[in-house]
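Structural characterization, general
Residue strings, one per chain:
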Amino acid sequence: MNPYNLKSKAPITVCLLLTVMILTGCWDIRDINHRTLPVVLGISTIEDDQYKVFLKIPEPVEGSMEVKIVSATGETISHAVDVISRNMETSVDLLHVKVIMIERKTAEEGMKDIIAGFMRSREVSSKALVTICDQNMDEFFSKLSESKNLKGTNMFDYFEKNAGWNPEIALTRIWEVYRSIHSYTRDVAIPLIVTGDTTTYEQVGSAVIKNGKMVEQISNDETLLFNAFNDESTHGQIEVLNHASVMIIGNSMNHHTDLTDKQPVLQSRINLKVVVLETRGKTSSDMIKKELSHLLSSRFSSMLANLQESEADILGLGQLYRTKIDRNELKNWRSVYYPNLKSDIQFQIDIQNEGYLRTT
Amino acid sequence: MDRFINEIKAELGNNGDFHLQRDYLADAAVMLLGFNTLIDFIKTRTVLHKHAESILLQNQPSEDLWGAIGELMEGDVLKAISSIYEGKLIIHFENTSRFIIMEPVPAMLDRSIDSPTNENVIQGALDSFTEGIDINIGIVRKLVNSDEIRIDSFSAGRSRKNKLSLLYIDGQADIELVNSIRNHIEKNIQMEAYNLQGLAKMLGFPSWNAISKFNTTELPHHAVQNLRKGKVILFVDRLPFALILPSLFWDMFAAENDRNFPLPIMLAIRLIRIIGILITLITPGLYVALVSVNPEVLQIQLALSVAQSREGVPYPALAEIIFMLLILELILEASVRLPKSIGPTITMVGGIILGQAAVEAKLVSNLLIIILAATTIANSTIVGFQNSVSIRLFKYAIVILGAIFGILGLVAGLVFLSAYLASLNTYGKSYLYLNVKGNENNGG
């Protein structure tokens, strides 16, 4: 093999290196301190179909992080962001947006275009979380900016699994919302957030999104079941009964599905491993097991009944029937099959640990 | 004054250190000729007289004495002159044309065997090679102590004054490699090889290689261990280190002295060196890539703190890092040049004060100083100074690619670097050759 002879090819090498410099357009690159990195992007609609966009921007100020909230309106979201970028001394870069907050009114009207826009532009990571603001967005952000404990990234920390996340909070990414818009058999739940009285935020439940529209609302307890169904860890969850509270430390489930004459039947068995935390009065393990299983099954059936009524399949039960329903028929899952679904859910409770006391 | 002396005087008389001395040896009047800078005259004369006495006491003819002290020659003035240049002593019999070339007691011009100055050894043999090629070969011979060692000596250069020696162990070394080296030396024996560039030219290596083909070491133990593994050592007179051929990529991570530690410790030390080379290559490029091209890779908290540390810095990240790297290179180069006594002062001024001042003047960011410190420290973990210099050079290519293409450029730079390293070979032996078979006979 001939070793590369730099001397004879020096002119060509130099030319190639120069073209590399010229062709990349690397002079357009902005350094990190000349970019504004918003963490939260809030979207609401105002009159004339205009979007009002809010950006929550952490700003490093002398050793601490302060937060700035800016807003602008525009025909499209990117135009509104552009307006903000024009008026700011640094350029707005949506790369680090972690949370997208949509006003309830807008979500109810439908957010197909918004989500599709995010998926298309690639400006916002498709892993960003989607939440719904159950409050007027102006009010929400003005309350936030008055709040004392508003620190750099706390909205993001609220949803971080290694920080403030809790199994009662649904975690739904942009791509999941986008998937639900185009899938026949799967919908999503999105957390509903308002500003809290003593805490910065408060979750009032979860919004059920069907085809990009908010159709229903489920409570926090129901969100826990939704998360359990989606295999999101249920660790650390406290379930209050009449006589005791327990912590769920593990769950597993198996389903048996049947489809006879457009009548889907679902038999589910959910195994929960729990730890007893607190008891009131005389309580035995059997009682706890019975009550917990009864409570969860009734809660589950009522949630499912609600969801069936609004034809939104956030649990993804349709996924289980994909092999049983013809592809042409599948698009009718929500309207024909799902409302007819008969379910038999059994909770199997296993008390793993009774704590230091052996009194139950 | 006879003709012989006159001829030599005419040739050498303008040398201030040329020494001419009358003496009597076994009743013969002789003239001692030589350079007093190369010959210890007093000691030589003592030796000479003792020699003569012992011969005379045994009533041997003086002819035996002449034979015993050196080579007896007649008439050849040119030979006498070149012998004087080589540091020999000429004993000339007055009024004849006969002379003896004698090996004198040389003046002490070589330094004694010392502890290594460029390579530090912890828990290991502390001797090192010196400038004298014979001493070096002697050290190797003493360490190898085997009848299998072969030593080929060459005299290179136009006047054949430049001594080279090729050492290998018969049966271990790759005989093709030995033959290639020998053939190249013999073919280019006219070339001067006083330094490594000259030697590389002589051996037919391309002169534009960024990585040295020679693995140099000062440590006899290291050299001999490589010899035993089937590598070849070249010695050049007046160069105080052994040149081990072929040089392999793995030599950057493995020092022979590592084997004086328990195996897990040795593996940990080598792992540290591998991490070191990666940090040296990647971190400056990564800084530029993350700060200017791909900040989305950073976690938001980190991105904010990076942005905070760069607040008010006027230059783009590339200019900033090139500026600081350049200053660092200047400090490194300066500390090589400086006398040992003021070296530390300059390093302190350069390193700490300048760095701190640059940060406070908002010329560069805090983070950059950390990155530079990490880079420079990591760079020093590589075995062999010649290797660490090469790596220092490659890091610039990666910085520039990182500034243009971001993380992609960084990875592309590493791929290009790997491709370049893979293209290197020494007489067909790939630079990336790695002995994984466990036996230490070849390569490794």
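Looking up chain B in an unreviewed UniProt entry gives the name GerA spore germination protein, with the organism given as Cytobacillus firmus. Its UniProt record gives chain B the following Sequence similarities (unreviewed entry) comment, quoted word for word: "Belongs to the GerABKA family."

Under an unreviewed UniProt entry, the name given to chain A is Ger(X)C family germination protein, and the source organism is Cytobacillus firmus. Of the comments in the UniProt record for chain A, the one headed Sequence similarities (unreviewed entry) reads "Belongs to the GerABKC lipoprotein family." On record in UniProt, under Subcellular location (unreviewed entry), the comment for chain A is "Membrane".

It is worth spelling out the overall build of chain B at this point. The helix and strand inventory of chain B stands at 15 helices and twelve strands. Relative to its length of 444 residues, chain B is extended, with a C-alpha radius of gyration of 29 Å against a globular reference of 22 Å. If you line up chain B on its principal axes, its C-alpha atoms span 100 × 50 × 40 Å. The buried share of chain B, reckoned over its 444 residues, is 34%. The contacts in chain B between residues at least 6 apart in sequence include a share of 62% that link residues at least 24 apart.

Residue and element names in this part refer to chain A. The domains assigned to chain A are domain 1 (32-218) and domain 2 (220-354). One C-alpha centre belongs to domain 1, the other to domain 2, and the line joining them spans 30 Å. On the domain 2 side, the residues contacting the 19 residues of domain 1 number 27 residues. Elements represented by at least two residues in the side of domain 1 that touches domain 2 include exactly strand S8 (188-195), strand S9 (201-210) and strand S10 (213-218). If one sorts the elements of the side of domain 1 that touches domain 2 by residue count, S9 sits on top with five residues.

To continue, consider the sheet that holds strand S2 (residues 40-46) of chain A. Residue and element names in this part refer to chain A. Spatially, the eight strands line up as an open sheet ordered S4-S3-S2-S6-S7-S8-S9-S10, and their pairing is mixed. If you trace the sheet from one side to the other, it starts and ends with strand S4 (64-74) and S10, each paired once. Put simply, the sheet's adjacent strands are angled 30° from each other on average, direction ignored. In terms of strand pairing, S9 meets S10 through five bridges, oriented antiparallel. Looking across to S10, one finds that Ser206 is bridged to Ile218.

All names here are of chain A. Between its first and last C-alpha, helix H9 (residues 285-309) extends 36 Å over 25 residues, near the 36 Å set by a 1.5 Å rise per residue. Taken residue by residue, H9 has Ile288, Leu292, Leu296, Phe300, Met303, Leu304 and Leu307 as its buried positions. Phi turns positive one or two residues past the end of H9, at Glu311, with a value near 55°.

The next point concerns the UniProt feature "transmembrane region" (unreviewed entry) in chain B. Residues and elements named next belong to chain B. The UniProt record marks residues 232-250, 271-293, 313-332, 365-385 and 397-422 with the feature "transmembrane region" (unreviewed entry), using the residue numbering of this structure. Spanning residues 313-332, this segment combines 80% helix with 0% strand, and its end C-alpha atoms are found 25 Å apart. Helix and strand shares over residues 365-385 are 71% and 0% respectively, and the end C-alpha atoms of the span are 30 Å apart.

Here the focus is the interface of chain A and chain B. Each partner contributes residues to the interface: chain A has 23 residues there, and chain B has 23 residues. For the side of chain A that touches chain B, the secondary structure elements donating two or more residues are helix H1 (10-24) and strand S3 (50-61) of chain A. Classifying every residue of the side of chain A that touches chain B gives 14 nonpolar, five polar and four charged.

All names here are of chain B. The buried count for helix H8 (residues 220-228) comes to seven of nine residues, which makes it a mostly enclosed element. Every buried residue of H8 is listed here: Pro220, His221, His222, Ala223, Val224, Asn226 and Leu227. Residues of H8 that are buried sit in contact with helix H5 (133-144), strand S7 (162-169), strand S8 (215-217), strand S9 (232-236) and strand S10 (242-245). One or two positions beyond H8, positive phi appears at Gly230, with a value near 100°.

All names here are of chain B. With respect to the helices and strands, Lys88 occurs in the loop between helix H4 (77-85) and strand S4 (89-93). Residue classification places Lys88 among the buried residues on the basis of 23 C-beta atoms within 10 Å. Separated by 50 residues in the primary sequence, Lys88 and Leu38 place their C-alpha atoms 8.2 Å from one another. In contact with Lys88, not counting residues within four places along its chain, are Gly34, Ser83, Ile101, Met102, Glu103 and Pro104.

Attention now goes to the environment of B:Ile327. Residues and elements named next belong to chain B. With respect to the secondary-structure elements, Ile327 resides in helix H11 (residues 317-337). Looking at Ile327, the number of C-beta atoms within 10 Å reads 17, which means it is partly exposed. For the pair Ile327 and Gly355, spaced 28 residues apart in sequence, the C-alpha separation works out to 9.5 Å.

Okay, the sheet that holds S8(B) next. Residue and element names in this part refer to chain B. The strand order across the open sheet formed by five strands is S6-S7-S9-S10-S8, and the pairing between neighbours is antiparallel. The open sheet has two edge strands, strand S6 (149-156) and S8, and neither has a second partner. With direction set aside, neighbouring strand axes in the sheet form an average angle of 25°. In this sheet, S7 lies alongside S6 in antiparallel orientation, the contact comprising eight bridges. Bridged to Ser153 within S7 is Ser165. Most of the contacts of helix H6 (residues 175-187) go to S7, to which it runs at about 170°, and overall it touches S6, S7, S9 and S10.

The subject of this paragraph is the domain arrangement of chain B. Reports often express the size of an interface as the amount of accessible area lost when the parts come together. All names here are of chain B. Looking at the assigned domains, one finds that chain B contains domain 1 (3-102), domain 2 (133-247) and domain 3 (261-430). Once you take the C-alpha centre of each, domain 2 and domain 3 turn out to be 33 Å apart. On the domain 3 side, the residues contacting the twelve residues of domain 2 number eight residues. Going through the elements one at a time, H6 and S8 are the ones with two or more residues in the side of domain 2 that touches domain 3. A breakdown of the residues in the side of domain 2 that touches domain 3 according to their chemical character gives five nonpolar, six polar and one charged.

Core analysis: the largest hydrophobic core is formed by 127 residues, its most contacted members being A:Val99, A:Ile100 and A:Ile102. Here the element with the most residues in this core is helix H9 (residues 263-293) of chain B; it accounts for ten residues. Every residue in contact with A:Ile100, bar those within four places of it in the chain, is listed here: A:Leu41, A:Ile43, A:Ala128, A:Leu129, A:Val130 and A:Ile174.

A few words on unusual backbone geometry. Residue B:Pro246 is bonded to the preceding B:Leu245 through a cis peptide linkage, with omega at -10°. Here B:Pro246 is to be found in the loop between S10 and H9. One non-glycine residue, A:Arg122, lies in the positive phi region at around 60°. If you trace the backbone, A:Arg122 turns up in the loop between helix H4 (112-121) and strand S7 (129-133). Overall, the presence of 10 C-beta atoms within 10 Å leaves A:Arg122 in the exposed class. Even without being a glycine, B:Arg238 presents a positive backbone phi close to 75°. Summarising the element assignment, B:Arg238 is placed in the loop between S9 and S10.

All names here are of chain B. Contact geometry for helix H14 (residues 385-405) and helix H15 (residues 407-423): axes closest at 7 Å, N-to-C directions at 145°. For the pair H14 and H15, the crossing hand works out as right-handed. Within the contact between the two elements, H14 uses Phe394, Ala397, Ile398, Leu401, Gly402, Ile404 and Phe405 and H15 uses Leu408, Gly409, Leu410, Ala412, Gly413 and Leu417. A breakdown of the residues in the contact of H14 with H15 according to their chemical character gives ten nonpolar, three polar and no charged.

Right, let's talk about the confidence of the model for chain B for a bit. Residue and element names in this part refer to chain B. Per-residue confidence for chain B averages 86 on the pLDDT scale, and 98% of its residues sit at or above 70. Across residues 440-444 the pLDDT falls below 50, and counting only partners more than four positions away or on other chains, this stretch makes twelve contacts in the model. Our summary of model confidence lists the complex with pTM equal to 0.80 and ipTM equal to 0.75.

Definitions and cut-offs
Residues numbered from 1 in each chain as written. Chains lettered and ligands numbered in written order. Predicted model: local features only at pLDDT ≥ 70, side-chain atom pairs only at ≥ 80, totals over all residues. UniProt positions renumbered as here; feature names shortened; annotations may be inferred. Helix = DSSP H or I, 4+ residues; strand = E, 2+ residues; numbered from the N terminus. Rg over C-alpha atoms; globule rule 2.2 N^0.38 Å. Buried ≥ 20, exposed ≤ 12 C-beta atoms within 10 Å, placed from the backbone. Contact = placed C-beta atoms within 7 Å. Domains from an automatic or database assignment. Pairing = 2+ DSSP bridges. Axes fitted to C-alpha atoms, helices over the stretch in contact; angles between N-to-C directions. Expected span 1.5 Å × (residues − 1). Nonpolar A, V, L, I, M, F, W, Y, C, P; charged D, E, K, R; others polar. Core = buried A, V, L, I, M, F, W, Y, C linked by C-beta atoms within 7 Å. Left-handed = near helix turned anticlockwise from the far one by under 90°. pLDDT = per-residue confidence, 0-100.

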